[in-house]
Amino acid sequence: MDNRRFAILAGLGCAGVVLIAAVVVVALLVGLIPFQAGGMMQEGEATVSVSEVTRVVQEAVPTLTPVPEQTEEETTEESPEGSPESQMVEEETLTSLYEAANPGVVNIRVYRQQAGMTGQGAGSGFVIDDEGHIVTNAHVVAEARAVTVIFFNGLEVRAEVVGTDLDSDLAVVAVEEMPDDVVPLTLAEIEQVRPGDRVVAIGNPFSLGGSMTLGIVSAIGRTIPTADTPFSIPQAIQTDASINPGNSGGPLLTLDGRVVGVNAQIASQSGTSSGVGFAIPSNVVRRVVPALIERGSYAWPWLGVQGGPVNLLVQEANDLNTQQGAYIAVVVENGPAEEAGLQGAMGEEQILGQPVPVGGDVVVEADGEEIRDFADLLSLVAFKRPGDTITLSVLRNGAEQEIAVDLAARPAELGP
């Protein structure tokens with residue numbers, strides 16, 4: 001059995017909670033619990049599969065400018081990558097990046113009451129505006145009795161939690177006092193981020209504040225589970241920049257100092273960095289954080305189905321001519337999808353000794369956009385609003401039909 005696990009980077013040293021064995025199970029932001037033929041759960045191409053998912057309740061583009069045209073006399077050969085000259089340029093870039101960004105990164109200290117005793121935890125965060133608002137992870141400040149913020153110059157001040165959103169694992173705390181030379185960090189445009197881009201993580205790993213690590217964007221469009229809800233976070237960024245307990249809530253930055261994500265999770269056998277870390281993407285931060293500042297919460301839309309990708313066995317069992325689309329296995333009772341008439345699986349067949357659902361709708365388009373897999377459906381619904389109507393093109397019994405669904409606000413509980 002593969003013993004890899006997801007560790008929520010909180011740093012409190014409490015015992016982890018085993019979520020499920022064999023594979024990651026995530027109930028998506030659209031209310032979809034992914035499955036794989038053979039009884040195993042997965043999230044299409046966007047899911048990290050592990051045999052055991054453990055939550056450790058611990059603690060804790062570039063702006064393009066034209067290059068001046070060179071004359072013949074000015075033209076010089078570029079230094080080959082890996083040469084001393086190119087390494088020197090990168091070192092200077094990283095040093096300048098750290099000096100510019102680190103003043104906007106903070107350490108977060110959390111005090112919790114546990115079993116009649118007060119314990120401490122540690123995490124990270126970053127300043128998002130001039131009013132003293134600081135972004136971090138919801139799991140960093142969960143159940144906090146008190147929170148303090150430590151700035152780059154050592155100044156420690158009390159902070160107030162102004163809003164949390166468990167479904168995105170984001171939170172905002174506010175302070176009344178900041179050093180004069182703190183500069184808020186800005187958010188990057190996620191559309192400009194590509195695998196292979198250089199990124200750095202700055203934070204408070206193992207309570208070592210102001211630590212910076214370098215890596216690349218390993219992948220984009222991942223779907224990761226949240227700590228305390230059955231829903232998932234879409235379009236997460238995977239990175240090999242070293243992320244460890246205490247980094248939670250800190251920024252993942254492009255080399256021009258823009259925040260591309262909020263560091264949140266790692267996939268690890270040991271609970272420390274193994275080169276597979278995940279950050280909540282900046283487009284989710286940009287959507288959720290203003291609502292947390294304004295009213296303390298964020299309302300996510302809900303479709304109300306469970307399902308997964310169309311793999312080979314699902315294609316064969318349902319006599320489909322494509323492996324594109326999101327397969328609907330279950331329609332949640334009294335949810336928007338049921339009211340609109342979406343259809344879940346009617347039974348199952350055995351193929352190669354594996355149970356495979358049959359009879360469910362396959363969503364191939366939503367609002368005119370192609371749905372390649374389950375993650376596409378997740379992302380499209382996640383960036384709508386409760387009350388919005390979406391038009392789904394579904395395959396049912398060999399024919400394509402359109403179904404309009406009025407999205408609802410996500411319920412506090414999904415029930416059994």
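Residues numbered from 1 in each chain as written. Predicted model: local features only at pLDDT ≥ 70, side-chain atom pairs only at ≥ 80, totals over all residues. Heavy atoms only, no water.

**A word on the overall build of the chain**
Then step 1. Counting secondary structure elements, the chain contains six helices and 25 strands.
Then step 2. Looking at the 416 residues of the chain, the share that counts as buried comes to 51%.
Then step 3. Summing over all exposed atoms, the chain offers an accessible surface of approximately 18,600 Å²; the carbon and sulfur share of this is 48%. (Helix = DSSP H or I, 4+ residues; strand = E, 2+ residues; numbered from the N terminus. Buried < 20%, exposed > 50% of the residue type's maximum accessible area, 1.4 Å probe, protein only. Areas by Shrake-Rupley, 256 points an atom, 1.4 Å probe, with all protein chains shown as cover.)

**Examining helix α6 (residues 374-382)**
Then step 1. Of all nine residues in α6, nine are buried; the element is thus mostly enclosed.
Then step 2. Buried residues of α6: Phe374, Ala375, Asp376, Leu377, Leu378, Ser379, Leu380, Val381 and Ala382, and no others.
Then step 3. Taking the backbone nitrogen of Ala375 as reference, a side-chain oxygen 3.2 Å away marks Asp373 as the first, capping residue of α6. (Polar contact = N/O pair within 3.5 Å; in protein donor to acceptor, adjacent residues only side chain to side chain.)

**A closer look at the pairing of strand β9 (residues 170-174)**
Then step 1. Most of β9 sits out of view: five of its five residues are buried.
Then step 2. Pairing geometry for strand β8 (residues 156-165) and β9, over five bridges, is antiparallel. In the sheet register, Gly163 faces β9, and the bridge partner there is Val172.
Then step 3. A loop of four residues connects β8 with β9, the two strands running antiparallel in sequence, and Asp169 in this loop sits at a positive phi of about 55 degrees. (Pairing = 2+ DSSP bridges.)

**Thoughts on a negative patch on the surface**
Then step 1. On the surface, a cluster of negative charge is made up of Glu333, Glu338, Glu339 and Asp406.
Then step 2. Note that Glu339 resides in helix α5 (residues 336-340). (Patch = residues over 30% accessible without salt bridge, like charges linked within 9 Å, V, L, I, M, F, W, Y side chains within 5 Å. Salt bridge = Lys/Arg side-chain N within 4 Å of Asp/Glu carboxyl O. Lys, Arg positive; Asp, Glu negative; His and termini not counted. Charge placed at Lys NZ, Arg CZ, Asp CG, Glu CD.)

**A short note on the sheet that holds β8**
Then step 1. Around the barrel, which closes on itself, the six strands sit in the order β4-β5-β6-β9-β8-β7 with antiparallel pairing between neighbours. Adjacent strand axes in the sheet meet at a mean angle of 40 degrees, parallel and antiparallel pairs treated alike.
Then step 2. In this structure, strand β5 (residues 117-127) lies alongside strand β6 (residues 133-137), joined through two bridges in antiparallel fashion. If you follow Val127 over to β6, its bridge partner there is Ile134.
Then step 3. Against the sheet, helix α3 (residues 282-295) contacts β6, β8 and β9, and its axis sits at roughly 45 degrees relative to β9. (Axes fitted to C-alpha atoms, helices over the stretch in contact; angles between N-to-C directions. Contact = heavy atoms within 4.5 Å.)

**Describing the confidence of the model for the chain**
Then step 1. Looking at the chain as a whole, the pLDDT averages 82, with 78% of positions reaching at least 70.
Then step 2. In this model residues 1-79 is a low-confidence stretch, pLDDT under 50, and it forms 251 contacts with partners more than four residues away in sequence or in other chains. (pLDDT = per-residue confidence, 0-100.)

**Things to note about α3**
Then step 1. For α3, built from 14 residues, the straight-helix expectation of 20 Å at 1.5 Å per residue is met to within 8% by its first-to-last C-alpha distance of 20 Å.
Then step 2. Where α3 bends most, at Val288, the angle is about 25 degrees, and the proline Pro290 comes one to four residues later.
Then step 3. Every buried residue belonging to α3 is among Ser282, Asn283, Val284, Val285, Val288, Val289, Ala291 and Leu292, and all of these are buried.
Then step 4. Just downstream of α3, Gly296 is the residue with a positive phi angle, here 85 degrees. (Expected span 1.5 Å × (residues − 1). Bend = angle between axes of the 7 residues up to and from the residue.)

**Description of the packing of aromatic side chains**
Then step 1. Evaluated as defined, the whole model comprises one aromatic pair.
Then step 2. Aromatic pair Tyr298 and Trp300: ring centres 4.8 Å apart, planes at 75 degrees, arrangement edge-to-face. (Phe/Tyr/Trp six-rings, centres within 6.5 Å; stacked < 30°, edge-to-face > 60°.)

**Some remarks on the nonpolar core**
Then step 1. Of all hydrophobic cores here, the largest spans 32 residues; its most connected members are Leu170 and Ile280.
Then step 2. Mapped by element, the contributors of at least two residues to this core are α1 (84-101), β9, β10 (198-203), β12 (232-239), β14 (259-268), β15 (277-281) and α3.
Then step 3. Counting residues per element, this core draws most heavily on α3, at six residues.
Then step 4. Among all residues touching Ile280, those that are not within four sequence positions of it are Asn137, Ser168, Asp169, Leu170, Ile233, Val260, Gly261, Val262, Ala264 and Val285.
Then step 5. Listed in part, the 20 residues of the second largest apolar core include Leu303, Leu342, Val381 and Leu392. (Core = buried A, V, L, I, M, F, W, Y, C linked by side-chain atoms within 4.5 Å.)

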